[in-house]
Amino acid sequence: MKNFEMLMPTTMKDAVESLPEERTNPLSAQATRILAGGQDLLPEMKDHLAEPDVVVNLKGVDELSGSVRNPGSEASILGTGRIHIGALTSIAALASNAEIREEYGVLSKSAESIATPQIRTQATIGGNLCQRPRCWYYRNEDTVCLKRGGDECFSYAGLNKYNAILGGGPSYIVHPSDLATALLAIGATVVTTQRALDLSEFFTLPSESDPTRENVLEPNEVIETVLLDSSLGASNGWKSTYIKFMERESFDFAISAVALMLKFDGDKISEARLCLGGVAPIPWRCESTEKLLVGRTIDDKLCEEAGEDALRGAEPLEFNEYKIPLTKSLIAKALKELA
Amino acid sequence: MSPNPIAQPEWKKRADMKVLNTDLRRVDGEAKATGRAVYSHDVRLPNMLYAKFLRCPHPAAKVVDLDLGPVSAVSGAIHALAIESEETSFLGQPVAAVAAESLEAAEDAIRAIRVEYETSGWAVTEEQGLDPATPSIGRRGNSFVDRETGDLDEASAAVASADVMVESTYTVPVQHHCCLETHGLVVDFDGKRAKVWASTQHVTGVSQQVAGELSISTSDVEVITDYMGGGFGAKFGIGIEGQTACRFAKELKRPIHLMLDRADEFLFSGNRSGGRQILKAGANMDGRIVGMTAEIWRHGGIARGSNPGQPYIYSVESSHMQMGSVHTNTDANRAMRAPGHPQASFAIEGIVDELAYALGMDLLDFRMRNLEDPVYHRQLDRVAKEVGWYEHGYRAEPNRSRGGKNVGIGFGISVWGGGGRPVCVTSVRIDPDGSVTASTGSQDLGTGTRTYVGAIAAEEFGLKASQVIGRVGHSAYGPANGSGGSTTVASLAPAVKDAAHKAREQFAERLASWLECSAEQVRFEGGEVYSTAEPGKRLSWAEACSILGSRPIEASGEFQGHLQTQGVHGAQAAMVEVDTQTGALKVLKMVGIQDCGLPLNRLAIRSQINGGMIEALGYALFEERVIEPWLGYALSANFNDYKLPGCKEMPELVAIIDDDDDRQQVIGMAEPTIIPGHSAIANAVHNACGVRVYDLPLTPDKILMGLTKKA
């Protein structure tokens, strides 16, 4: 690990002022890095993938302290319409929060599927959304791939068993965040020091902008809160689930994951939200499939149609074709679970 | 030699044993679990320097320029050495090393070194190794055949004329040892004498090698391996790390701490060789395998690789085997728990299953028809009962139903030697204060050596296991074996028994006059000493020892061939569940039975069986060294991408000691327990869903694509 200076701001103002205002080149923002739980940043620094001169530790920032916060009374969750989750909330706190478990099963399930108990205790929701790709080319210090400012995505013609089947190009990473998939389904909002962003606007495809980035955060922009819209909660009739498929159940990143939320009118689906994880460079929302589901009763035929529709645009690389039937099966499993 | 020995040492009858052949908790378990145990990694000496290697990032390269100069500008860096300044031949080969005041400074210093490489051609796959354009890797060329048995024409004709014939290619990847403690040592050399803390499977060998490196005599080298975090065959010699630590120690006259990091461990400290096996086999309707041809290619990197050959344990009327190696620019394989055997097992157990299915025969029945040794029949029957085979619905054909989760069962068998060698000299000492120590230079790899060394003496003196201190892993405790080939227990236990036996005889002589009887009449039982002439008159152990006055008893023991033997079998069964929609594989249950002659510590033996099954589980499910074939990057040199099973992967494990083996001699049994588990799992996967995965590991992508094709 390269030596660095660690700053310990106590206010968000100080934290933001210690960050660079502009991104002068794709990697300039790397010179100063934000530390939350450190579960991704520290390994990146140890592997020399990140070599910041300055690390800004957010743990002392007052505005970010606390865990899952609801500014209203318990009864007013629905009234205020929002559950606020502080950016430094640990994954473990998120997974064990009773309110969230009740309202958003999809989020609790995705939180408890992450890594190991030790990592969940340390890792934060903000950090989880901002984590860097796990692609083994990117993680190898000797490669200078597209994600590291080079000009080639080695996975495209390489060992791409774990890479993207949807939304790929010019980089074929898959976004590693489980929470992102669940939060996109919930329609969460990310509140930063500069703006409020719908989660669908937070992540960015490599084809849309600078391929060294996975999200639209500016170098001096910090996530403060994640807001959940309770009109999509269980109290409003939504049922939800998260199914994560891993090679190794004990702890692993998703090979494919499905976040599904459904609202029923009798046995017919009245509203649907479907997002996929582990298959695209961003959490992948399947809007046409959502439309297809509405008005239908869950049966084998619908499961098959939904899978077909969701994966219609999939373009497998040489070694990841299996993700297509796998993801179709996971969608079917999720639908049957909520039926 | 004790004077006038009364009798040869003999193991007690099993029924008479109070300590041995029981469940003994390991005496050092608490120290290990609480972190009090000091491993070589943990040693910190005043004035100590930390050393580290720079690895070559290319599979093979010419070192055009190696500039160690920049190291001097790194704060805390003391010295740098060139290790290889001409040409590297495998990915990750060390080219330079540094010593520094801290590990952090050593890391910075390594990164400061400037190397200019020139790469031409290299090979990291078998295909590349066979490409004539690839520069020569080994002295014998990049591929060669070095073993051939049987008559090809005869075997081929036998296969062709059989009632059913199958032909398949089985491949296995390179597996890593994954010792929790990496390789390395701490060398403290004052110019005349050296003290070394080594993570090694061979204390005696390390003292000889370090003496050679430092140009001093072996008697001036003290080697300590109080605790070590695993070896599995990779830690015999001192290696490049030992040589380099000695170079630094000699030049700098300061203690050197050189333990490899995890990437080093993955890239240049050995592995289980991979390989490809093409098997053709034929069987007749009566269930006999009548012919087999096997073409075996071992993938041992710059080394040869290992495989014991086919048809392994099975009887085949006419067989032919051709075995060769293909070199690549990757790390040399080393011994790894039952070298070669798991590889051979995977192919033969697969083809045996394929033949049975082709004949529509019960898989277990078919195995037995082709195994002559009745021990295998007994053991297979036992694991079959335990795993639920006789109630299983798919014994002669796989379950081909789709849509749900299917359960399948598979089998595999093993074989091993496990006999001892005359190398260990041990000692047992009884002090007047009642304390007893049994000492050996042999190391405890984590197998429980320390526990049984004490227990053997405790049994001899009628004491509890906790009343004897077992001391291991120190060159001063006498010459000892290298722990390889499961030879430790059979080499060491007879020597400890011999020393304890002699100590008991000496003690009896000393006590005879006190007890007013002959030495032959003295008995040591239940923590007491008495004469058979007057059993009512008893001394406590402490009282008896106090009679020794100022003259403790000390006896030295040597190998006693009749106390050990060799030759063990083993059978395992696995029950798995395959999700036919996703390809997810869950191993539900593994059953392993192992014969081992006279069991010394039943708990440790069952733990070995469990450990073997778990290591095979990893080989089955995940473990695979991945080197990028087109760019030559090491993609799996970490524990994120090189996956080991965790707690959620653990099946129900049933470890059975085969007590029908009534041999009254000890035999090593650690290695055979790893041989058949992955084969049983692979066969169970096929039994569950009709998909045979021919190349390990059995990852869900392969199973799912197989299911997609079969649908």
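Starting from 1, residues in each chain are numbered consecutively following that chain's sequence as written. Going through the entries in the order they are written, you letter the chains from A and number the ligands from 1. Per-residue local features of the predicted model are confined to residues with pLDDT of at least 70, and side-chain atom pairs are confined, for both listing and counting, to 80 or more; whole-chain, interface and lining totals are unaffected and use all residues. Just so you know, side-chain values use all the structure's heavy atoms and leave hydrogens and water out.

J.: What am I meant to see in the overall build of chain B here?
T.: A run of DSSP states H or I qualifies as a helix once it reaches four residues; a run of E qualifies as a strand once it reaches two. Both are numbered from the N-terminal end. Across its full length, chain B carries 16 helices and 26 strands. Our radius of gyration looks at C-alpha atoms and nothing else; its globule reference is 2.2 Å times the residue count to the power 0.38. In terms of overall size, chain B behaves like a compact globule, its C-alpha atoms giving a radius of gyration of 28 Å where 711 residues would be expected to give roughly 27 Å. Expressed as lengths along the three principal axes of its C-alpha atoms, the size of chain B is roughly 85 × 70 × 45 Å. Burial analysis of chain B (711 residues in total) assigns 61% to the buried set. Long-range pairs, those at least 24 residues apart, make up 80% of the contacts in chain B with a sequence separation of at least 6. Computed with the Shrake-Rupley method and a 1.4 Å probe, the accessible areas treat only the protein chains shown as cover for residues. When the accessible surface of chain B is totalled, it reaches about 25800 Å², and 49% of it is carbon and sulfur. Here Asp and Glu are counted as negative and Lys and Arg as positive; His is not counted, and neither are the chain ends. We put the charge of a Lys on NZ, of an Arg on CZ, of an Asp on CG and of a Glu on CD. In chain B, which carries 68 positive and 88 negative side-chain charges, the distance between the mean positions of the two groups comes to 3 Å. Per-residue accessibility, obtained with a 1.4 Å probe over protein chains only, is compared with the maximum for each type, and a residue is labelled buried under 20%, exposed over 50%, and partly exposed between these values. Contact criterion: two residues are considered in contact whenever any of their non-hydrogen atoms come within 4.5 Å of each other.

J.: Even after reading the chapter, I still don't get the sheet that holds strand E10 (residues 256–265) of chain A, so can you show me in this structure?
T.: Strand pairing in a sheet relies on backbone hydrogen bonds, with the paired strands running either antiparallel or parallel. All names here are of chain A. Strand pairing is assigned whenever DSSP detects at least two bridges linking the two strands. Spatial strand order, E9-E10-E11-E12: 4 strands in an open sheet with antiparallel pairing. Unpaired on one side and paired on the other, strand E9 (238–245) and strand E12 (284–285) mark the two borders of the sheet. Here helix H6 (residues 105–112) sits on the sheet in contact with E9 and E10, set at roughly 20° to E9. Angles shown run from 0 to 180 degrees and are taken between the N-to-C directions of axes, each axis being a line fitted to C-alpha atoms and, for helices, limited to the stretch in contact. The strands that helix H9 (residues 178–186) touches are E9, E10, strand E11 (268–277) and E12; relative to E11, the one it contacts most, it runs at about 155°.

J.: Could you clarify how one ought to interpret the environment of A:Ser209 in this entry?
T.: All names here are of chain A. By secondary structure assignment, the location of Ser209 is in the loop between helix H10 (199–202) and strand E8 (223–229). Between the C-alpha atom of Ser209 and that of Ile223, which follows or precedes it by 14 residues, the distance is 20 Å. There is a polar contact of 3.0 Å between the side chain of Ser209 and the side chain of Thr204. Polar contact is the term for a pair of N or O atoms within 3.5 Å; when the atoms are in protein, one must be able to donate a hydrogen and the other to accept it, and sequence-neighboring residues count only if both atoms are side-chain atoms.

J.: Sorry, what's going on with the domain arrangement of chain B here?
T.: Note on interface size: it is often stated as the accessible area lost on association of the parts. Residues and elements named next belong to chain B. Reported domain spans reflect what an automatic or database domain assignment gives. Structurally, chain B comprises domain 1 (5–37 + 420–560), domain 2 (40–120 + 183–259) and domain 3 (356–418 + 565–710). Summarising the inter-unit geometry, the C-alpha centres of domain 2 and domain 3 are found 39 Å apart. Taken together, the contact pairs 4 residues of domain 2 with 5 residues of domain 3. Buried area is understood as the total, over both parts, of accessible area removed when two parts are fitted together, assessed with a 1.4 Å probe. Approximately 260 Å² of surface area, both sides summed, lies buried where domain 2 meets domain 3, with 67% of it carried by carbon and sulfur atoms.

J.: Help me understand the packing of H6(A) against H9(A) in this model?
T.: How two helices pack is summed up by the angle between their axes together with the distance between the axes. All names here are of chain A. Two elements in contact, H6 and H9, have axes whose closest approach is 8 Å; the angle formed by their N-to-C orientations is 175°. By the angle between their axes, H6 is roughly antiparallel relative to H9. Seen from H6, the contacting residues are Val106, Leu107, Ser110 and Ala111; seen from H9, they are Asp178, Leu179, Ala182, Leu183 and Ile186. Of the residues in the contact of H6 with H9, the class split is 7 nonpolar, 1 polar and 1 charged. The scheme is simple: roughly parallel for angles under 35 degrees, roughly antiparallel for over 145, roughly perpendicular for 65 to 115, oblique for anything else. Under the convention adopted here, Pro, Cys and the residues Ala, Val, Leu, Ile, Met, Phe, Trp and Tyr are nonpolar, Asp, Glu, Lys and Arg are charged, and Gly plus all remaining residues are polar.

J.: Can you walk me through the nonpolar core in this structure?
T.: Note on soluble globular proteins: their nonpolar side chains tend to be buried together. Residues and elements named next belong to chain B. In these notes, a set of buried Ala, Val, Leu, Ile, Met, Phe, Trp, Tyr and Cys residues joined through side-chain atoms within 4.5 Å is what counts as a nonpolar core. Counting 87 residues, the largest nonpolar core has Phe366, Phe411, Val576, Val578, Leu585, Ile681 and Leu698 as the members making the most contacts within it. Ranked by residues supplied to this core, first place goes to helix H8 (residues 341–359) with 10 residues. Residue contacts for Leu698: discarding those within four places in its chain leaves Leu585, Ala620, Leu621, Ile681, Ala682, Val685, Val693 and Ile703.

J.: In this structure, what is going on with a nonpolar patch on the surface? I would like to understand it.
T.: All names here are of chain A. In this analysis, a patch consists of residues with relative accessible area above 30% that form no salt bridge, clustered at 9 Å for like charges and at 5 Å for the nonpolar side chains Val, Leu, Ile, Met, Phe, Trp and Tyr. In the sections that follow, a salt bridge refers to a side-chain nitrogen of Lys or Arg positioned within 4 Å of a carboxyl oxygen of Asp or Glu. On the surface, Phe4, Met6 and Met8 cluster together to form a nonpolar patch covering roughly 290 Å² of accessible area. Checked against the element boundaries, Met6 lands in strand E1 (residues 5–7). When its relative accessible area of 40% is taken as the criterion, Met6 is described as partly exposed.

J.: Just to check I follow, could you spell out the sheet that holds strand E4 (residues 87–88) of chain B for this structure?
T.: Pairing in this open sheet of 3 strands is antiparallel, and the strands run E4-E2-E6 (chain B) from one edge to the other. Since the sheet does not close on itself, it has two edges, and those belong to E4 and strand E6 (114–118) of chain B, each with one partner.

J.: Where do I start with the packing of aromatic side chains in this structure?
T.: Here a ring pair, both rings aromatic, is described through the centre-centre distance and the interplanar angle of the planes. Each Phe, Tyr or Trp ring (for Trp, its six-membered ring) is paired with any other whose centre lies within 6.5 Å, and the angle between the two planes then decides the class: stacked below 30 degrees, edge-to-face above 60, tilted in between. A complete count under the given rule lists 17 aromatic pairs over all chains for this structure. Geometrically, the ring pair formed by B:Phe507 and B:Phe524 is tilted, given 5.5 Å between the ring centres and 35° between the ring planes. Taken together, the positions of B:Phe507 in helix H12 (residues 488–515) and B:Phe524 in strand E20 (residues 522–525) put the pair 17 residues apart, joining distant regions of the chain. Within the aromatic cluster, the residues linked to one another by ring pairs are B:Phe461, B:Phe507, B:Phe524 and B:Trp541. We call a charge positioned above a ring when the Lys NZ or Arg CZ atom is no farther than 6 Å from the ring centre and deviates by at most 35 degrees from the ring normal. Here A:Arg248 stacks its cationic end above the ring of A:Phe251, 3.9 Å away from the centre of that ring. Between B:Arg140 and the ring centre of B:Phe144, over which it is positioned, the NZ or CZ distance is 4.2 Å.

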